[in-house]
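In case you want the letters, here they are:
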Amino acid sequence: MENTNREHVLSIRDLSITFKTGAGPVNAIRGVNIDLYKGETLAVVGESGSGKSVTFKAAMGILASNSIVNSGSITYTYHHNDGTPATVDLLKMKTKDIRRHINGKRIAMIFQDPMACLNPRKKVGEIIAQGLDIHHLYKNRAERQQKVADILRKVGLAPEHADRYPHQFSGGQRQRVGIARALIMDPKLIIADECISALDVSIQAQVVNLMKDLQDETGTAYLFIAHDLSMVKYISDRIGVLHLGHLVETGTTEEIFNNPVHPYTQSLLSAIPQPAPRTERGRLAKTYDYKQAGVDYHVGKRQHLEGTHYVLATDEELAQRPSALPGGRLYGTLVLYGRPKRGTICTGGTFHVQSSDSGGGRLWPDGGRGGTADRPVRDHCLSGRRVQRQPGHRQMCGLRGLPGRVPAGGGCLRQQQDASLLGG
Amino acid sequence: MSHIESIPAGSQARIADLRPEDFQLRGVSGQHLDSNFASQGYWHDVLHRFLSNKGAVVALILIVLIVAMALAGPGMSGRDYSSQTLSEKNLAPRIPVLEDLGIFNGDEAMTTTTGTRVVNGYEDKELTDTYYWFGSDTLGRDIWTRVWEGARVSLGIAIVSAAINMTLGMCYGLISGYFGGWVDTIMQRIVEINNGIPRLVVVTLLLLVVKPGFTTIVLALVITEWINMSRIARAEMLKLKEQEFVLASRTLGAGSFSIIFKEVLPNIIGQIITQLMFSIPTAIFTEAFLSFVGLGIPVPQCSLGSLINEAFNSFTTHPYQIVPPIVVMSLLMLCFNMLADGLREAFDPKLKEM
């Protein structure tokens with residue numbers, strides 16, 4: 001559901017950037033469309049080299065000098081003092097204007113490495129107030145001190161910390177300083193470039209919670225560039241998946257996590273570890289290789305699935321995929337106890353069941369994606385819920401939302417031995 | 001009262017039985033600020049490391065002494081550096097208190113065709129109350145005064161030219177390194193052309209145009225020596241240009257020159273100062289070399305090099321005349337080198353990370 005009364009902050013349309021290198025031109029990103037609304041968090045996920053950072057460096061005007069913008073626009077919406085909205089194309093602005101009006105003041109960035117992003121020779125107070133100094137946002141030194149002290153308190157440090165040097169802080173504290181440096185300018189948009197990747201998990205949680213609280217307080221929009229999907233699920237409202245410079249899928253968090261359509265997204269989601277050990281044991285990480293999958297991103301178009309869920313696919317590929325089923329989860333776990341021999345899951349695809357001594361079972365899909373007859377798709381499982389018993393069959397599970405052809409109401413596993421299941 | 005108490009003993013409370021009112025906030029402890037590590041500055045660490053290097057500290061003390069003597073020395077003897085007393089020429093060193101011990105009493109050993117004999121110029125000329133602490137030269141000028149006057153001139157030339165080199169070379173190297181691209185290419189080609197011209201040629205050509213003097217020597221030194229500093233500045237800038245804090249400054253809207261001089265320069269000031277200290281003995285020696293060759297400070301002014309040049313002629317007959325300027329110059333160069341070495345270790349960034 002397109003929420004047209006939400007306010008756009010940043011709108012990237014059909015952006016393509018190429019790098020000139022010694023080895024020839026390298027496509028960084030192609031045809032990227034991103035919308036960012038006020039006060040929400042958009043996460044852009046993808047592996048290294050997928051072009052995540054390039055997109056937003058273009059918005060900040062800090063692209064490398066050997067880059068060419070082939071096409072596209074980045075529209076930034078702002079308000080004049082009297083409240084009337086105005087838009088400007090950031091790609092067409094001169095560097096001087098971007099530096100004076102956009103950088104720091106309207107769009108700020110937080111970086112990945114907390115050790116390297118702070119100047120080791122400057123005191124923390126100087127680092128935080130750097131934006132204020134550049135844009136002359138204070139009248140006298142007392143006001144500057146006050147602003148620095150306020151923002152330090154807000155991010156969870158003490159005002160006395162302003163006199164210390166970065167090397168006297170821990171990683172999480174340095175990242176807070178980085179956040180303070182971005183926030184003191186009160187920007188409308190903060191680009192967080194993998195800002196929690198270098199921290200340990202408990203500190204990640206602290207920093208992310210801090211960012212969420214600050215977002216509630218100030219209404220800043222976040223662009224979260226990440227590759228940790230479980231964290232992304234926690235904080236983001238919408239997600240965009242980048243692969244090899246193409247935006248393969250976008251949508252809200254629920255849409256993407258409940259119904260990932262693109263095989264790359266599916267492989268990413270299947271790689272998320274589950275906290276429950278039994279479930280985790282049966283989790284199968286789906287593999288996806290761009291070349292072997294026979295997919296060509298260049299011929300795909302941006303297809304609308306439902307709501308705000310878009311995927312990059314050709315028409316034929318889309319026709320082969322199922323439409324989204326209401327509710328249901330895609331991946332879960334089924335562990336087979338006992339020693340089932342052969343069986344079929346009535347999903348429309350067939351699976352062979354092979355017993356193993358540990359009591360788990362292995363399902364060998366044939367004809368399905370990701371596995372061949374020779375190579376089992378590991379301890380993979382399909383989940384679901386119990387459905388009513390059917391005479392003559394062992395009860396298994398209702399399988400819902402599987403790719404393939406799933407009869408609503410689930411299927412069953414016909415097999416000769418006992419099997420029980422663990423809910424996913 | 002928590003409803004958990006209503007659960008009969010022996011049964012396990014399930015997670016589903018817990019409710020928010022079963023939990024009480026124990027309290028939030030305030031931030032604990034340590035006071036031990038409040039503000040450990042960069043220079044504080046540098047000073048600490050420098051002071052633990054004994055050789056560098058001794059070198060610094062000696063330099064300070066020599067500079068003090070260069071400032072105060074010429075006034076101590078009561079004689080002018082250029083006034084000639086031809087009747088008192090070629091006198092050996094004679095120091096008031098030490099002469100009673102048998103050394104520095106005006107004796108010198110003269111080797112003649114018939115053998116070595118000891119001659120005392122003071123006794124020959126009946127100068128009982130005249131003391132030349134370092135002796136007098138072939139024109140009857142006091143070597144003590146001339147040595148310290150020469151040290152003053154040499155140090156002056158060295159420091160002025162080193163300072164100009166530092167400023168010029170640093171700015172040039174930083175700008176060339178930061179902007180890169182064709183700016184860097186052009187600037188480095190200019191450097192290479194400059195580097196290809198030998199120093200002696202530069203000085204000679206310069207002397208055709210300008211009269212010899214203090215400023216000419218400084219100019220000659222600047223033209224040939226600024227390249228070293230610019231190389232170091234450029235190398236450091238290339239290292240730091242891609243650091244994330246520089247990128248962070250750019251995203252905050254800092255201009256190029258602001259980044260060069262406020263972000264990057266404080267990080268490389270250590271290397272710059274070290275190179276400055278290294279360039280001073282180079283300048284002293286170069287000036288001495290030029291004076292020795294005859295292209296240096298004109299008479300009657302003296303520098304350490306010109307003193308050595310003049311005393312060279314009477315080296316075999318009156319060796320004491322060449323010793324003071326050589327000792328002073330050697331001490332200066334050695335001490336500056338040791339000081340620079342100590343500074344380089346003190347500024348060493350590898351020890352910086354904690």
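This one's a predicted model, so the numbers in the text were calculated from it and none came from an experiment. (Residues numbered from 1 in each chain as written. Chains lettered and ligands numbered in written order. Predicted model: local features only at pLDDT ≥ 70, side-chain atom pairs only at ≥ 80, totals over all residues. Heavy atoms only, no water.)

Participant: Looking at this structure, how should I read the overall build of chain B?
Facilitator: Helix and strand counts for chain B stand at 11 helices and 2 strands. Computed over its C-alpha atoms, the radius of gyration of chain B comes to 33 Å, more than 25% above the 20 Å expected for a compact globule of 354 residues. Oriented by its inertia axes, the alpha-carbon framework of chain B measures out at about 125 × 55 × 35 Å. Per-residue burial for chain B yields a buried fraction of 44% across its 354 residues. At a minimum sequence separation of 6, the contacts of chain B that also span at least 24 residues come to 74%. (Helix = DSSP H or I, 4+ residues; strand = E, 2+ residues; numbered from the N terminus. Rg over C-alpha atoms; globule rule 2.2 N^0.38 Å. Buried < 20%, exposed > 50% of the residue type's maximum accessible area, 1.4 Å probe, protein only. Contact = heavy atoms within 4.5 Å.)

Participant: Sorry if this is basic, but what is going on with the packing of aromatic side chains here?
Facilitator: For any pair of aromatic rings, the description consists of the separation of the ring centres together with the inter-plane angle of the planes. All names here are of chain B. Going through the model one piece at a time under the given rule, you end up with 13 aromatic pairs over all chains. Ring geometry for Y42 against W43: centres 5.3 Å apart, planes inclined by 65°, an arrangement best described as edge-to-face. Both rings, one in W144 and one in W148, keep their centres 5.7 Å apart while their planes meet at 80°; by these two values the pair is edge-to-face. Pair noted here: W144 and W148 are both in helix 4 (residues 143-179), with a separation of 4 residues, about one helical turn. Relative accessible area serves as the criterion here: at 10%, W144 is assigned to the buried category. (Phe/Tyr/Trp six-rings, centres within 6.5 Å; stacked < 30°, edge-to-face > 60°.)

Participant: I keep staring at a negative patch on the surface and nothing clicks. Help me out?
Facilitator: Residue and element names in this part refer to chain B. A cluster of acidic residues, D107, E123, D124 and E126, forms a negative patch on the protein surface. Note on placement: E126 falls in the loop between helix 3 (121-124) and helix 4. Classification of E126 by relative accessible area gives exposed; the value is 67%. (Patch = residues over 30% accessible without salt bridge, like charges linked within 9 Å, V, L, I, M, F, W, Y side chains within 5 Å. Areas by Shrake-Rupley, 256 points an atom, 1.4 Å probe, with all protein chains shown as cover. Salt bridge = Lys/Arg side-chain N within 4 Å of Asp/Glu carboxyl O. Lys, Arg positive; Asp, Glu negative; His and termini not counted. Charge placed at Lys NZ, Arg CZ, Asp CG, Glu CD.)

Participant: Got a minute to help me understand the domain arrangement of chain B in this structure?
Facilitator: Interface size is commonly expressed as the accessible surface area that is lost when the partners come together. The assigned domain composition of chain B is domain 1 (42-80 + 142-351) and domain 2 (92-124). If you average the C-alpha positions of domain 1 of chain B and of domain 2 of chain B, the two centres end up 39 Å apart. (Domains from an automatic or database assignment.)

Participant: Just to check I follow, could you spell out the interface of chain B and chain A for this structure?
Facilitator: Each partner contributes residues to the interface: chain B has 28 residues there, and chain A has 35 residues. Of the roughly 2700 Å² buried between chain B and chain A on both sides combined, carbon and sulfur atoms contribute 53%. There are 1 salt bridge connecting chain B and chain A. A salt bridge links B:E263 to A:K122; its shortest N-O distance comes to 2.7 Å. Across the chain B-chain A interface, the total number found is 10 residue pairs in polar contact (both at pLDDT 80 or more). Breaking the side of chain B that touches chain A down by element, the ones donating at least two residues are helix 8 (244-251) and helix 9 (256-293) of chain B. The dominant element in the side of chain B that touches chain A, judged by the number of residues it contributes, is helix 8 of chain B, at 7 residues. (Buried area = accessible area lost by both parts, 1.4 Å probe. Polar contact = N/O pair within 3.5 Å; in protein donor to acceptor, adjacent residues only side chain to side chain.)

Participant: Help me out: how do you make sense of the packing of helix 5 (residues 181-196) of chain B against helix 7 (residues 214-240) of chain B in this one?
Facilitator: Between two packed helices, both the angle of their axes relative to each other and the distance between the axes serve to describe the pair. All names here are of chain B. Between helix 5 and helix 7, the shortest axis-to-axis distance is 9 Å and the interhelical angle comes to 145°. The element helix 5 and its partner helix 7 pack so that their crossing is left-handed. Along the contact surface, helix 5 presents D184, Q188, V191, N194 and N195, while helix 7 presents I223, W226, I227, S230, R231 and R234. Classifying every residue of the contact of helix 5 with helix 7 gives 4 nonpolar, 4 polar and 3 charged. (Axes fitted to C-alpha atoms, helices over the stretch in contact; angles between N-to-C directions. Left-handed = near helix turned anticlockwise from the far one by under 90°. Nonpolar A, V, L, I, M, F, W, Y, C, P; charged D, E, K, R; others polar.)

Participant: Explain the pairing of strand 5 (residues 85-89) of chain A to me, please; I cannot follow it from the model alone.
Facilitator: Along a regular strand, successive side chains alternate from one face of the sheet to the other. All names here are of chain A. Where strand 4 (residues 67-79) and strand 5 come together, 5 bridges link them in antiparallel fashion. Each bridged residue has a counterpart across the sheet, and for H79 the counterpart in strand 5 is P85. In this structure, the hairpin formed by strand 4 and strand 5 is closed by a connection of 5 residues, where G83 is found at a positive phi of approximately 100°. (Pairing = 2+ DSSP bridges.)

Participant: Before we go on, may I ask you to explain the sheet that holds strand 9 (residues 238-243) of chain A in this structure?
Facilitator: Sheet strands associate in pairs through backbone hydrogen bonding, adopting either a parallel or an antiparallel arrangement. All names here are of chain A. In space, the 8 strands of this open sheet follow the order 6-7-8-3-9-10-12-11, with mixed pairing throughout. In this open sheet, the two strands that pair with only one neighbour each are strand 6 (107-110) and strand 11 (301-306). The sheet shows a mean angle of 20° between the axes of neighbouring strands, direction not considered. Relative to strand 12 (residues 309-313), strand 10 (residues 246-252) runs antiparallel, the two being bridged by 2 bridges. Looking at strand 12, one finds that T250 is bridged to Y310. Strands strand 6 and strand 7 (189-193) of the sheet are contacted by helix 6 (residues 171-183), whose axis makes an angle of about 175° with strand 6.

Participant: Any chance you could explain the side chain of B:T145 here in plain terms?
Facilitator: Position of B:T145 among the secondary structure elements: in helix 4. B:T145 sits in the buried class, given a relative accessible area of 1%.

Participant: I would appreciate a short explanation of the pattern of salt bridges in the present structure.
Facilitator: A side chain with one charge may pair with a side chain of the opposite charge, provided their charged atoms come close. Tallying each qualifying case throughout the model produces 22 salt bridges over all chains. We note a salt bridge from A:R13 to A:D35, for which the minimum N-O separation is 2.7 Å. In this pair, A:R13 sits in strand 1 (residues 8-21) while A:D35 sits in strand 2 (residues 24-37), placing the two residues 22 residues apart along the sequence. The exposure class of A:D35 is buried, given its relative accessible area of 11%. Across the pair A:E143 and A:K139 runs a salt bridge, and its minimum N-O distance is 3.4 Å. The class of A:E143 is partly exposed, set by a relative accessible area of 23%. Linked by salt bridges that have partners in common, B:D137, B:R141, B:R146 and B:E310 make up one network.

Participant: Any chance you could explain the environment of B:M338 here in plain terms?
Facilitator: All names here are of chain B. Along the polypeptide, M338 turns up in helix 11 (residues 323-346). Look at M338 and you get partly exposed, because its relative accessible area is 36%. Not counting residues up to four positions away in its chain, the partners in contact with M338 are G55, A56 and A59.

Participant: Which parts of the structure should I look at to understand a nonpolar patch on the surface?
Facilitator: All names here are of chain B. Among the surface-exposed residues, L200, F285, F289, F292, V293, F312 and F315 lie close enough to one another that they form a single nonpolar patch of about 640 Å² accessible area. Per-element tally for the nonpolar patch: the top contributor is helix 9, with 4 residues. Of note, F292 is situated in helix 9. Judged by its relative accessible area of 38%, F292 is partly exposed.

Participant: How do you make sense of helix 6 (residues 199-209) of chain B when you look at a structure like this?
Facilitator: Along an α-helix, residues three or four positions apart point the same way, because every turn accommodates 3.6 residues. Residues and elements named next belong to chain B. Buried residues of helix 6: V202, V203, L206 and L207, and no others. Down the axis, helix 6 shows its buried residues gathered within 130° of arc, on one side only. For helix 6, the elements touching its buried residues are helix 7 and helix 9. (Arc of directions from axis to C-beta.)

Participant: What should I look at first to understand the sheet that holds strand 2 of chain A in this one?
Facilitator: Residue and element names in this part refer to chain A. Spatially, 4 strands are ordered 2-1-4-5 in an open sheet, and the strand pairing comes out antiparallel. Edge positions in the open sheet fall to strand 2 and strand 5, since each of these has one partner strand only. Across this sheet, the average inter-strand angle for adjacent strands is 10°, counted without regard to direction. In this sheet, strand 4 lies alongside strand 1 in antiparallel orientation, the contact comprising 8 bridges. By the bridge assignment for strand 4, T18 is matched with I68.

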